[in-house]
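Architecture at a glance
So you can see what is in the structure, the chains are spelled out below.
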Amino acid sequence: MIGNRKEEKIISVLLVDDEKGYINVLANRLSKRSINATKAYSGGEAIQILRKNDFDVVVLDLKMEDMDGVEVLKIMKKMAPEVPVIFLTGHGSQEAAREGISFGAFDYLTKPCELSELIEKIKEAYQCQLEESKGSHIE
Amino acid sequence: MEQSLTDRKAFYQILTRKIMVLILVVSFSPMILTTGILVYRFNLTYTEKIQAHISELVQKHTQNIDTFLSEKLGNIRYLARQFDSKQQSPKIFLQKNLGLLKKEYGDVFTDLGLVNGNGIQFAYEGPFKFENADYSDAEWFIKASDKPFYISDVFAGLRGHPHFIIAVKITSNGSDYILRSTINFGAFNSLVENIHIGKTGIAFLINSKGKLQTQTNVGLKQSIIASMMDSDCYKNNETIFAKKQDALGNKYLCVTSRLKNIDWLMVFRQDLNDAFRDLWKTQLLALAIFIFGCIAILSVAFTLPRNIVKLISSADKKSEVMNKQVVESGKLATIGELAAGIAHEINNPVAIMVEEAGWIEDLFEEEDLTGSENFDEFKRALSQINTQGKRCKEITHKLLSFARKTDSTVNDVQINDAVKEIVSLTAQMARYNNVIIETNLNEGIPYIRIAPSELQQVILNLINNAIDAMEKSGGTIKIETKISQIEKNHLVISMEDNGPGIPKNNLDRIFDPFFTTKAVGKGTGLGLSICYGIIQKMGGKIDVHSQIGSGTKFRIWIPFQEEIIEVTDNDSESEIQGEKT
């Protein structure tokens, strides 16, 4: 029952990608599935948005024009270490994605990916983050 | 390429010739010089030694004979001084003194005789009955009458066998007598006979007329003796050493020495062949060694440069293959990078397309289009976009995974995965060429530590070759992986096609660099050579069996370490145990 209630909660997600067309449509589709998506079209923009707002999950592109995804991740982890980051990359370089995980990313997905798969991953990350914060409160 | 090949051939030929000439010059010149000088010096020394030896021998014997004659002459002269016709009877004098001489010298003196001025031997002591013998016409008597003493040549005389006479003139009581003694020829002859050198070396004495004064075992014709003589022999008192040739063409050595007491010559004769036998044997040996040396040098000069040049050319080829390999892998790496870039570029638009299609599907749920006649068609098109998007993703992912592996970093590799990846990459091309690729990848094959991209390059190359070979008619390629039953700790990848097969002549050369049967510009002839190099580097081997009309089978053996199997075995065991609990 508690789980169901939690699922009903609108998860806020920050989508970071320099492919505007992609995150625009992705944001629309996520909104339709009770996920509140905020769009950032570059790494710098994402950091600025993150400074002002709280997010449950960040979905981050690995290769952007202004900043490398891993760099953005490193900064984000300093700003809000509790927010889980999912890498979504069009680049086949799984090594880079794995490197991201070693810097604290939650997981990675490769483009094009099934929307259901992405939502699953977002929820998983959110759940994880919830449990962790709970754990830390108890401690 | 053709031009450079002929250029290279010419270069190697020139190189071979240069090395050959160098070897010949460097080896032959010192050998010829050394052998020449040694043989010349040896000849000179040996000839001098032989000459000195024979000369000394002849000189010694000449002296011996001289001494013998002097001594005997001295004896008779002494007797002559003792003789006094008034005091004693000549017969008794002779008798007594011959007895004394015989006692002292044995059989050297045969007899003694006293001859008066008219040539009548009035007293004689000896084994013959020569009393009152008349010597007035004898040559020795005539010559002895003028001189105080005289030694005759050897002659047969009254007794009919060779002998010679020593005659001494005596003047007693106003009358002239001659005391004569016959010298035993045998005793004298033995002095000369003792000189024997080699097989043909003989010595003899001749008088001033060239008449033989001693007996020889070898029958010497007077003409031969005469031919040996020249006027110098008699004039010169020293030993003369000469090389001469007789009428029959035989070359011989002639050493002459003049006696002091008498006008005789000691002559030593030996065939050159015999005298210099040892020298010639040595020369023959030297010649044999020289010829052997020449043959050895020639064989080395002809084989060594070829082998060296062969090694150089194979090293050149190897380095060229290495260069090509570097270039090829460089190309592959470039293609990989390019593929990675393209994949990234394509993935983003494909992702947008798929998402947009999904968005339309989402929007359809809001709109009530169930009544629309094209609704099903819309749905189908959208799902098609989704499906094709996924297909694009698959393709780009394959490309990317290939690109990722175009480095030669060594990893633990599961062969089956590597094979699957390459098969899926080539599937499109195979389909296009009507070729079916069947795989039989056995489970339980251990991981091996190799560079995956290199192994994939090998498999890709073999598949490409097979597809090229079956270009016209299509066919089947069977790829099998398993653990080798023959080679311990080896796994085998076999790849069999049912193409036209490889002719036997080509089969031995297919791994040779630059060997290709493809048209000019279509193949470098390096593919299999590079495969061979890669497999060898992995410590494995590759072989090929082919039959015209039925196909070709390549087998690759790659070694693995036993520990890896054990680890996987343990793992699988623990998994089973885990399941049981």
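Residues numbered from 1 in each chain as written. Chains lettered and ligands numbered in written order. Predicted model: local features only at pLDDT ≥ 70, side-chain atom pairs only at ≥ 80, totals over all residues. Heavy atoms only, no water.

The next thing to look at is the overall build of chain B. Regarding its fold elements, chain B presents 14 helices and 16 strands. Buried residues in chain B amount to 41% of all 581 residues. The contacts in chain B between residues at least 6 apart in sequence include a share of 62% that link residues at least 24 apart. By element, 55% of the accessible surface of chain B is carried by carbon and sulfur atoms, the whole surface being about 32,900 Å². (Helix = DSSP H or I, 4+ residues; strand = E, 2+ residues; numbered from the N terminus. Buried < 20%, exposed > 50% of the residue type's maximum accessible area, 1.4 Å probe, protein only. Contact = heavy atoms within 4.5 Å. Areas by Shrake-Rupley, 256 points an atom, 1.4 Å probe, with all protein chains shown as cover.)

All names here are of chain B. Here we have 4 strands laid out as an open sheet, ordered β6-β9-β8-β7, and antiparallel in their pairing. Only two strands of the sheet have a single partner each, and these edge strands are β6 (202-206) and β7 (240-245). When the angles between neighbouring strand axes are averaged without regard to direction, this sheet yields 25 degrees. Judged from the 5 bridges that link them, β6 and strand β9 (residues 265-271) form a sheet pairing that is antiparallel. In the sheet register, A203 faces β9, and the bridge partner there is F268. (Pairing = 2+ DSSP bridges. Axes fitted to C-alpha atoms, helices over the stretch in contact; angles between N-to-C directions.)

This part is about the confidence of the model for chain B. Chain-level statistics for chain B give a pLDDT mean of 82 and a share of 87% at 70 or above. Long-range and interchain partners of residues 564-581 of chain B, a stretch whose pLDDT sits below 50, account for 4 contacts in this model, where long-range means more than four residues apart. (pLDDT = per-residue confidence, 0-100.)

The next subject is unusual backbone geometry. All names here are of chain A. The linkage connecting K111 with the following residue, P112, adopts the cis geometry, with an omega of -15 degrees. Examined against the element boundaries, P112 turns out to sit in the loop between β5 (107-110) and α6 (115-138). A positive phi angle is found at S34, which is not glycine, with a value near 60 degrees. Summarising the element assignment, S34 is placed in the loop between α2 (20-31) and β2 (35-40). S34 gets classed as partly exposed once you look at its relative accessible area, which sits at 42%.

The complete set of buried residues in helix α4 (residues 69-79) of chain A reads A:G69, A:V70, A:V72, A:L73 and A:M76. Down the axis of α4(A), the sector holding all buried residues measures 155 degrees, keeping them to one side. (Arc of directions from axis to C-beta.)

All names here are of chain B. Per the stated rule, a full pass over the model turns up 16 aromatic pairs over all chains. The interplanar angle of 25 degrees and the centroid separation of 5.8 Å between the aromatic rings of F42 and Y46 together place this pair among those described as stacked. Of this pair, F42 and Y46 both sit in helix α1 (residues 2-82), 4 residues apart, which is roughly one turn of the helix. Ring geometry for F83 against F93: centres 5.0 Å apart, planes inclined by 55 degrees, an arrangement best described as tilted. Of this pair, F83 sits in the loop between α1 and α2 (90-105) while F93 sits in helix α2, and the two are 10 residues apart along the sequence. Both residues of the pair, F83 and F93, belong to the buried class. Members of the aromatic cluster, joined through ring pairs, are F83, F93, F122 and Y177. (Phe/Tyr/Trp six-rings, centres within 6.5 Å; stacked < 30°, edge-to-face > 60°.)

Tallying the contact residues gives 21 residues for chain A and 21 residues for chain B. Between chain A and chain B lies a buried interface of about 2,000 Å² when both sides are counted; carbon and sulfur atoms form 55% of it. A per-residue breakdown of the area chain A buries against chain B is headed by A:R29, A:K32 and A:P112, which together make up 30% of the total. If you look at where chain A meets chain B, you find 5 salt bridges. The salt bridge involving A:E114 is made with B:K390; its shortest N-O contact spans 2.8 Å. Between chain A and chain B we count 7 residue pairs in polar contact (both at pLDDT 80 or more) in total. Of all the secondary structure elements, the ones that give two or more residues to the side of chain A that touches chain B are α2 and α5 (94-102) of chain A. By residue number, the principal contributor to the side of chain A that touches chain B is α2(A), which donates 6 residues. When grouped by side-chain class, the residues that make up the side of chain A that touches chain B number 6 nonpolar, 7 polar and 8 charged. (Buried area = accessible area lost by both parts, 1.4 Å probe. Salt bridge = Lys/Arg side-chain N within 4 Å of Asp/Glu carboxyl O. Polar contact = N/O pair within 3.5 Å; in protein donor to acceptor, adjacent residues only side chain to side chain. Nonpolar A, V, L, I, M, F, W, Y, C, P; charged D, E, K, R; others polar.)

Attention now goes to the packing of helix α10 (residues 415-432) of chain B against helix α11 (residues 452-469) of chain B. Residue and element names in this part refer to chain B. Between α10 and α11, the shortest axis-to-axis distance is 10 Å and the interhelical angle comes to 35 degrees. Once α10 is placed against α11, the crossing between them reads as right-handed. Where α10 abuts α11, its residues I415, A418, V419, E421, I422, V423, T426, M429 and A430 lie against L455, Q456, I459, L460, I463, N464 and I467. Of the residues contributing to the contact of α10 with α11, the split by class is 12 nonpolar, 3 polar and 1 charged. (Left-handed = near helix turned anticlockwise from the far one by under 90°.)

Bringing the confidence of the model for chain A into the picture now. On average, residues of chain A carry a pLDDT of 84, and 88% of them reach 70 or more. Counting interchain partners and residues more than four positions distant, the pLDDT-below-50 stretch residues 1-7 of chain A has 3 contacts.

All names here are of chain B. The topology assignment puts I178 in strand β5 (residues 175-183). Placed 34 residues apart in sequence, I178 and A144 show a C-alpha to C-alpha distance of 7.8 Å. Beyond its immediate stretch of four places on either side in the chain, I178 contacts G113, L114, V115, W140, F141, A144, S145, A167, V168 and K169.

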